[in-house]
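Fold and contact review
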Amino acid sequence: MGDHPVHIPRRHPFYIYEIIDPTNREVFYVGCGTGRRWRHSATNTRGTKRERLLKIKSLGLMAIPRIVASFPNRRDALVGELKWQASDLGMIRSPDDMD
């Protein structure tokens, strides 16, 4: 993976990102962050995405991070993350459950 994810240009410091399985292009994780959070999340094999990331790694591949939206503050990013998860993954995660 390079230093930059596939992404939309960021205009604000907080963003929503997806982690994509390179074997089938399926989004399997949605999160929010700042800085290089996307990079840590796409390679960290802890938490809810652990099994999927380990399987991808065992195939000699890397998950694909994609930044999909940016926000001026953390609260707006968390609200956006919940909405994105509900629409993209059919799930809702509590804002208190950030990795």
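Higher on the page you've got the structure.
Predicted model, so just to flag it, every value in this text is computed and none were measured.

Digging into the environment of Ile20
- Within the secondary structure, Ile20 sits in strand β2 (residues 14–21).
- Ile20 gets classed as buried once you look at its relative accessible area, which sits at 5%.
- Contact partners of Ile20, with chain neighbours within four places excluded, come to Arg25, Glu26, Val27, Phe28, Ala63, Ile64 and Arg66.

Observations regarding the packing of aromatic side chains
- Applying the stated criterion across every chain, the model contains two aromatic pairs.
- Summarising the aromatic geometry, the rings of Tyr17 and Tyr29 are spaced 6.2 Å apart at their centres and angled 45° between planes, so their arrangement reads as tilted. Residue Tyr17 is located in strand β2, and its partner Tyr29 is located in strand β3 (residues 26–33); the two are separated by 12 residues in the primary sequence.
- For Tyr17, a relative accessible area of 1% puts it in the buried group.

Criteria and cut-off values
Residues numbered from 1 in each chain as written. Predicted model: local features only at pLDDT ≥ 70, side-chain atom pairs only at ≥ 80, totals over all residues. Heavy atoms only, no water. Helix = DSSP H or I, 4+ residues; strand = E, 2+ residues; numbered from the N terminus. Buried < 20%, exposed > 50% of the residue type's maximum accessible area, 1.4 Å probe, protein only. Contact = heavy atoms within 4.5 Å. Phe/Tyr/Trp six-rings, centres within 6.5 Å; stacked < 30°, edge-to-face > 60°.

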